[in-house]
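Report on the structure
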Amino acid sequence: MSLARKLLPLADRVLVRRILPQTKTAGGILLPESKIAKSSEGEVLSVGPGYRAHNGDLVAPSVSAGDKVLLPEFGGVHLKSEGEEIYLFRNDEILAKIE
């Protein structure tokens, strides 16, 4: 069973898998690993139920499972198991939703 299936985020946490960057140019040239930048895009795997505001209302996360999102270069909790790398971000750390 994969790590993503075992983890259920709590509160306003979002479980994300970074999308691997292109390793080949449009012309078909393969790029060396040292020239490939860390991807800033990711796919949302699962989300927590949200957090409680000061008045007690539940504030739902702004993303849902399956959304493509723009991630900060640094931040989040990096989790690695069985060759799978996923990240746990707070909802407010996610920069944008990609349509």
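Bear in mind that the values here come from a model prediction, so they are computed numbers and not experimental data.

**A look at the layout of surface pockets**
- Considered as a void within the structure, the largest pocket measures approximately 280 Å³ in volume.
- What lines the largest pocket is a set of 12 residues, and nearest its centre among them are Arg18, Ile19, Leu20, Glu85 and Tyr87.
- Only strand E1 (13-18) and strand E7 (84-90) provide two or more residues apiece to the lining of the largest pocket.
- Looking at which element gives the most residues to the lining of the largest pocket, the answer is E7, with 3 residues.
- Its residues assigned to classes, the lining of the largest pocket comprises 5 nonpolar, 2 polar and 5 charged.

**Observations regarding the sheet that holds E7**
- Pairing in this open sheet of 6 strands is antiparallel, and the strands run E6-E7-E1-E2-E5-E8 from one edge to the other. Bordering the open sheet on either side are strand E6 (77-81) and strand E8 (96-98), each of which pairs with just one other strand. Looking at each pair of strands side by side, their axes are set apart by 40° on average, direction ignored.
- Where strand E5 (residues 68-70) meets E8, 3 bridges bridge the pair, whose relative direction is antiparallel. In the strand pairing of E8, Val69 is matched with Lys97.

Reading guide: rules and limits
Residues numbered from 1 in each chain as written. Predicted model: local features only at pLDDT ≥ 70, side-chain atom pairs only at ≥ 80, totals over all residues. Heavy atoms only, no water. 1 Å grid on protein atoms, 1.4 Å probe; cavity = no way out; pocket = protein on both sides within 12 Å on 5 of 7 lines; lining within 4 Å. Points joined across faces, edges and corners; volume = space filled by probe spheres on them. Helix = DSSP H or I, 4+ residues; strand = E, 2+ residues; numbered from the N terminus. Nonpolar A, V, L, I, M, F, W, Y, C, P; charged D, E, K, R; others polar. Pairing = 2+ DSSP bridges. Axes fitted to C-alpha atoms, helices over the stretch in contact; angles between N-to-C directions.

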